[in-house]
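A structural walkthrough
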Amino acid sequence: MTEGQAHWDSAYSTKGDNVSWYQTGQTPSFELIKASAPMRSVSIIDIGAGASRLADNLLIAGYSDLTLLDISEVALSRTRDRIGAAANNVAFIVADITRWKPSRPWDIWHDRAVFHFLTDSGAQDAYIGALKQGTVPGSTVILSTFAMTGPEKCSGLPVQRYSADTLAARLGPDFALYTKGTEQHHTPFQTTQDFIYAGFHRK
Ligand SMILES: C[S@@+](CC[C@H](N)C(=O)[O-])C[C@H]1O[C@@H](n2cnc3c(N)ncnc32)[C@H](O)[C@@H]1O
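Figured I'd write up the structure that's included with this text. (Residues numbered from 1 in each chain as written. Predicted model: local features only at pLDDT ≥ 70, side-chain atom pairs only at ≥ 80, totals over all residues.)

**Re the overall build of the chain**
Assigned secondary structure in the chain consists of six helices and nine strands. Scaling as 2.2 N^0.38, a compact globule of 203 residues should have a C-alpha radius of gyration of about 17 Å, and the chain matches this with 16 Å. Oriented by its inertia axes, the alpha-carbon framework of the chain measures out at about 40 × 40 × 35 Å. Sorting the 203 residues of the chain into buried and exposed places 34% on the buried side. A separation of at least 24 residues holds for 70% of the contacts in the chain among residues at least 6 apart in sequence. (Helix = DSSP H or I, 4+ residues; strand = E, 2+ residues; numbered from the N terminus. Rg over C-alpha atoms; globule rule 2.2 N^0.38 Å. Buried ≥ 20, exposed ≤ 12 C-beta atoms within 10 Å, placed from the backbone. Contact = placed C-beta atoms within 7 Å.)

**Describing the site of the ligand**
The environment of the ligand is made up of 19 residues, and the closest members are Trp8, Gly48, Gly50, Ser52 and Ile71. Grouping the constituent residues of the shell around the ligand by class yields 10 nonpolar, six polar and three charged. (Near = placed C-beta within 6 Å. Nonpolar A, V, L, I, M, F, W, Y, C, P; charged D, E, K, R; others polar.)

**Regarding the sheet that holds strand β5 (residues 140–146)**
Think of a sheet as strands paired side by side through backbone hydrogen bonds, with each pair either parallel or antiparallel. Across the sheet, which stays open at both edges, the seven strands sit in the order β3-β2-β1-β4-β5-β9-β8 with mixed pairing between neighbours. Unpaired on one side and paired on the other, β3 (90–94) and β8 (175–186) mark the two borders of the sheet. The mean inter-strand angle of the sheet, taken between neighbouring strand axes irrespective of direction, is 15 degrees. Judged from the five bridges that link them, strand β1 (residues 43–47) and strand β2 (residues 65–70) form a sheet pairing that is parallel. Bridge pairing in β2 places Ser43 opposite Asp65. (Pairing = 2+ DSSP bridges. Axes fitted to C-alpha atoms, helices over the stretch in contact; angles between N-to-C directions.)

**Focus: the environment of Val42**
Inspection of the secondary structure puts Val42 in the loop between α2 (28–36) and β1. Sequence separation between Val42 and Asp65 is 23 residues; the distance between their C-alpha atoms is 6.5 Å. In this view, Val42 contacts Ala37, Asp65, Asp107 and Ile108; residues no more than four positions away in its chain are not counted.

**A short note on unusual backbone geometry**
The general pattern is negative phi for most residues beyond glycine and trans for most peptide bonds. The backbone of Ala113 shows a phi angle near 70 degrees, a positive value even though the residue is not glycine. Mapped onto the elements of the fold, Ala113 is located in the loop between β4 (108–112) and α5 (121–133). Of note, the phi angle at Gln190 is positive, near 60 degrees, even though the residue is not glycine. Along the chain, Gln190 falls in the loop between β8 and β9 (192–202). Since 6 C-beta atoms lie within 10 Å of it, Gln190 is described here as exposed.

**Let's talk about helix α6 (residues 164–171)**
Within α6, the full set of buried residues consists of Ala164, Leu167 and Leu171. Projected down its long axis, α6 shows its buried positions confined to an angular sector of 60 degrees, all on one face. Exposed side chains of α6 directed beyond 90 degrees from the buried face belong to Asp165 and Ala169. Within two residues after α6, Gly172 carries a phi angle of roughly 95 degrees, on the positive side. (Arc of directions from axis to C-beta.)

**Some details on α2**
Buried within α2 we find Ser29, Leu32 and Ile33. Looking straight down α2, one finds that the buried residues subtend no more than 100 degrees of arc, so they occupy a single side. α2 presents Glu31 and Ala35 as exposed residues on the side facing more than 90 degrees away from its buried surface. On its buried side, α2 packs onto β1, α3 (54–60), β4, β5 and β9.

**Overview of the pairing of β4**
Taking burial as the measure, the five residues of β4 include five buried ones, the bulk of the element. Neither face of β4 is open: one carries Ile108, His110 and Arg112, the other Trp109 and Asp111, and all of them are buried. Sheet topology note: the β1/β4 ladder contains four bridges and is parallel. In the sheet register, Ile44 faces β4, and the bridge partner there is Ile108. When β4 meets β5, the two strands line up parallel, connected through five bridges. Bridged to Trp109 within β5 is Val141. On the question of chirality, the crossover connecting β4 to the parallel β5 by way of α5 is right-handed. (Right-handed = clockwise from strand over helix to strand, strands pointing away.)

Structure representation (structure tokens):
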């Protein structure tokens with residue numbers, strides 16, 4: 001087991017849903033995916049899905065081609081157990097996104113609060129390599145990171161903060177920014193965290 005897997009498995013084993021990034025309901029991610037993809041047959045991958053309720057909401061909304069990837073098996077097992085029979089129609093991938101080679105492209109690539117953990121350029125390049133392999137021209141990419149006014153750490157780990165425009169610059173010219181927004185996320189600990197959301201079309 002790698003240090004990264006051990007860190008995240010331990011976080012989910014000890015804290016459950018009592019984590020700063022926990023959220024439910026009609027989140028910006030859910031709204032952006034619905035706005036980008038009214039057709040329920042589109043394929044969606046959630047990178048660093050963790051135990052997020054986004055999967056539950058997408059399934060309830062009728063999306064039928066869903067893949068969840070996370071470095072933590074504990075987190076994905078929680079989602080598998082929680083959604084019950086619906087899990088039969090979901091692909092679960094336990095992998096480190098910086099080492100993973102996608103075997104197919106997706107229409108929608110979503111990531112809330114994962115890319116920002118990659119603080120060295122080699123890991124960021126590896127992520128962008130996977131992103132290019134896991135999408136095709138016309139695919140939609142929805143990324144959310146801590147804003148420039150957001151926390152400097154999450155789960156005890158340093159993060160790289162972005163604006164939508166610095167994120168666009170980091171992804172490079174193959175991704176055209178089509179929408180951007182901000183969110184003040186309310187954590188379960190009565191604190192707030194500033195996030196940015198950015199939607200891109202793969203050129
Ligand atoms: C802050 S949590 C966000 C989880 C989820 N996206 C959400 O919004 O609830 C970060 C997630 O990224 C996962 N993660 C961290 N580093 C990763 C990596 N290198 N590859 C894949 N997943 C990773 C963690 O296990 C964790 O579930």
